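# Analysis of the macromolecular model
As a plain string of letters, each chain reads:
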Protein chains: 2
Amino acid sequence: MVQQERARITRAKIIVGAAEVFERVGFGGASISDILDRAGVAKGALYFHFATKDEVARAVIERQHEIARAGSNAILATPRPAIEHMVLVSIDLAELLVSDPVVRAGIRLTTDTSAFDAPLRSPYEDWIDLFVVLATRARAEGWLADDVDPAVLARFIVPAFTGVQLVSELFTARVDIVDRVRELWWFLLRSVVPVDRRGEAEALLERLVPRA
Amino acid sequence: MVQQERARITRAKIIVGAAEVFERVGFGGASISDILDRAGVAKGALYFHFATKDEVARAVIERQHEIARAGSNAILATPRPAIEHMVLVSIDLAELLVSDPVVRAGIRLTTDTSAFDAPLRSPYEDWIDLFVVLATRARAEGWLADDVDPAVLARFIVPAFTGVQLVSELFTARVDIVDRVRELWWFLLRSVVPVDRRGEAEALLERLVPRA
C-alpha cells in the first residue's frame, strides 16, 4: 500500500516535471533527461511508469483534461441556465490556463499538431460533446434562436476558444485571456440568442465575467 | 547576375524543403540534415543563406506571409464592400492552407508557441491591422452595427480563424476548412451586422462561399 502510494506520487511528479519541460521547449525540444531533472526522479522510476516520451506527453494531456473537466463538472453541478454554464466553463478553462502548469502544457501539446503520435483529438471531441449537450439545453431554455444548430455552435466554440487562448499566449503570455474570452462571448451571444434577448444576454455576460 | 539568380533559386529550394520538414515533424523535431535532404542542396549552400535552424524557420514564416498577403492583396484590389473583402481574404487563406506547403508550414510554425525564438507575433499583428482597416470601412459602409468596435472585432476574427484552421487540421487534415470558416462567418455576420441586414448578410455569405 505504501509502495502503491509512492508509485502514485512518483508518477504525479513526473507529470508535473514533464509539463514544465513541454511548456518551455515543446514536445520536439523536450528530452527525457530534462524531464528527469525537472521532476527530480530517477531514470528507472520514469521507465517504470512510461516507455517513451510520447507516453509521458499522453499522460500530461490526460491529466490536463481531468483537471479541466473537474473544474467544469463543479460548474455544471450548480443549477443555472445552460447558456451560463457555457460561459462559465470556458472562463474556468481560461483561468486554469493561467494558474495550472499541467493544464498549460496539456493544451500546448494538443495544439502541437505534429511530432507527436498521441490521440490529440479526444480532448477536443469531449469539449465539443459537452457543448452540444449544453447548447441543446440552452435552446430548450429559449436562449438560442430557432435557426441556430447546437451542434454547429459547439463545433465553432471549441476551435474559436482554442485560437483565442493560443493568440493570448503569444501576445501576452495569457495575461489578457479572460478579457479575450469575454469578447468571444460578446460576439457569440449577440449572434445566437433570439434578437429580443440580446440585452439580457449582454447583462448576463457582465454579471458572469465582470470587466477587470 | 546568373550567380545571383542561382542563389535565389537555392534559397527558395531550401525554404520549400524546410517547409515540408517543419510541417511533418514540427520545429523541434526538424534537423538541418533532414532539410538538406528534402531540399536537395548541399550543407554549404544552406549555411551561405542561413546561420541557424531558427533563421530557416523565420524565412519560412516570412515567405508564408508574403504568399498569403499576395493573395489578400489581389482580393483587396477588386472593388467590393469591405465586409466581402473580410470574408474572401479569410477564405483565400483557408484555401492556401490546403494548397500551399509553405503556407501550411509557416502557419504551423506560428502556432508552435515555444521552442522557437522567431518573432511569431508579426504575421498575426499584420492580419489584425488589415482587419481593423477593413472593419472600419465596413462600418462606414453600414455593415457593422453601431455598438461593434472594429478593433475588437479584428482582434477576435484573427484568433478565431487561427483556432478553426488548427482544429480542422487536427480533425480532417484541413479537408473541411472552408466549411468551418464559412460557419465562423455565419455566426460572426449575424453578430455584427445591423439586425435589419441579417438576411442580406446571409445571402452575401451564400454567394461568396457557396456550400460544397
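Note that the coordinates shown come from a computational prediction; the quantities given were computed from them, not determined experimentally. (Residues numbered from 1 in each chain as written. Chains lettered and ligands numbered in written order. Predicted model: local features only at pLDDT ≥ 70, side-chain atom pairs only at ≥ 80, totals over all residues. Heavy atoms only, no water.)

### Structural notes on the packing of aromatic side chains
Applying the stated criterion to the full structure yields eight aromatic pairs over all chains. Their ring planes at 15° and their centres at 5.4 Å tell us that phenylalanine 187 of chain A and phenylalanine 156 of chain B sit as a pair that is stacked. With phenylalanine 187 of chain A in helix α9 (residues 177-192) and phenylalanine 156 of chain B in helix α8 (residues 150-172), this residue pair bridges two chains. Summarising the burial analysis for this pair, phenylalanine 187 of chain A and phenylalanine 156 of chain B share the class buried. Relative to phenylalanine 187 of chain B, the ring of tryptophan 186 of chain B has its centre 5.1 Å away and its plane inclined at 85°; by these criteria the two rings are edge-to-face. (Phe/Tyr/Trp six-rings, centres within 6.5 Å; stacked < 30°, edge-to-face > 60°. Helix = DSSP H or I, 4+ residues; strand = E, 2+ residues; numbered from the N terminus. Buried < 20%, exposed > 50% of the residue type's maximum accessible area, 1.4 Å probe, protein only.)

### Observations concerning the UniProt feature "DNA-binding region" (unreviewed entry) in chain A
Feature annotation in UniProt assigns "DNA-binding region" (unreviewed entry) to the following positions: residues 31-50 of chain A. As annotated, residues 31-50 of chain A comprises 75% helix and 0% strand, and the C-alpha atoms at either end are separated by 14 Å. (UniProt positions renumbered as here; feature names shortened; annotations may be inferred.)

### Notes on the relation of the copies chain B and chain A
Of the transformation placing chain B onto chain A, the axial shift is 0.0 Å and the rotation is 180°, giving an RMSD of 0.0 Å. Each copy turns onto its partner about a two-fold axis. Taken as a fraction of all interface residues of chain B, those also at the interface in chain A reach 100%, which identifies the copy contact as same-surface. (Least-squares fit on C-alpha atoms with pLDDT ≥ 70 in both. Contact = heavy atoms within 4.5 Å.)

### Quick notes on the interface of chain B and chain A
If you look at the interface, chain B gives 47 residues, while chain A gives 47 residues. Summing both sides of the interface, chain B and chain A together bury roughly 3,900 Å²; the carbon and sulfur share of this comes to 64%. Applying the counting criterion to the chain B and chain A interface returns four salt bridges. Of the charged contacts in the structure, one is a salt bridge between aspartate 147 of chain A and arginine 190 of chain B, with a shortest N-O distance of 2.9 Å. At the junction of chain B and chain A, the tally comes to 14 residue pairs in polar contact (both at pLDDT 80 or more). Those elements that provide at least two residues to the side of chain B that touches chain A are α1 (2-29), α6 (101-111), α7 (121-140), α8 and α9 (177-192) of chain B. Looking at the side of chain B that touches chain A element by element, the count peaks at 14 residues for α8 of chain B. (Buried area = accessible area lost by both parts, 1.4 Å probe. Salt bridge = Lys/Arg side-chain N within 4 Å of Asp/Glu carboxyl O. Polar contact = N/O pair within 3.5 Å; in protein donor to acceptor, adjacent residues only side chain to side chain.)

### Description of the UniProt feature "domain: HTH tetR-type" (unreviewed entry) in chain A
The UniProt record marks residues 8-68 of chain A with the feature "domain: HTH tetR-type" (unreviewed entry), using the residue numbering of this structure. When the span residues 8-68 of chain A is considered, its composition is 87% helix and 0% strand, and the gap between its end C-alpha atoms is 20 Å.

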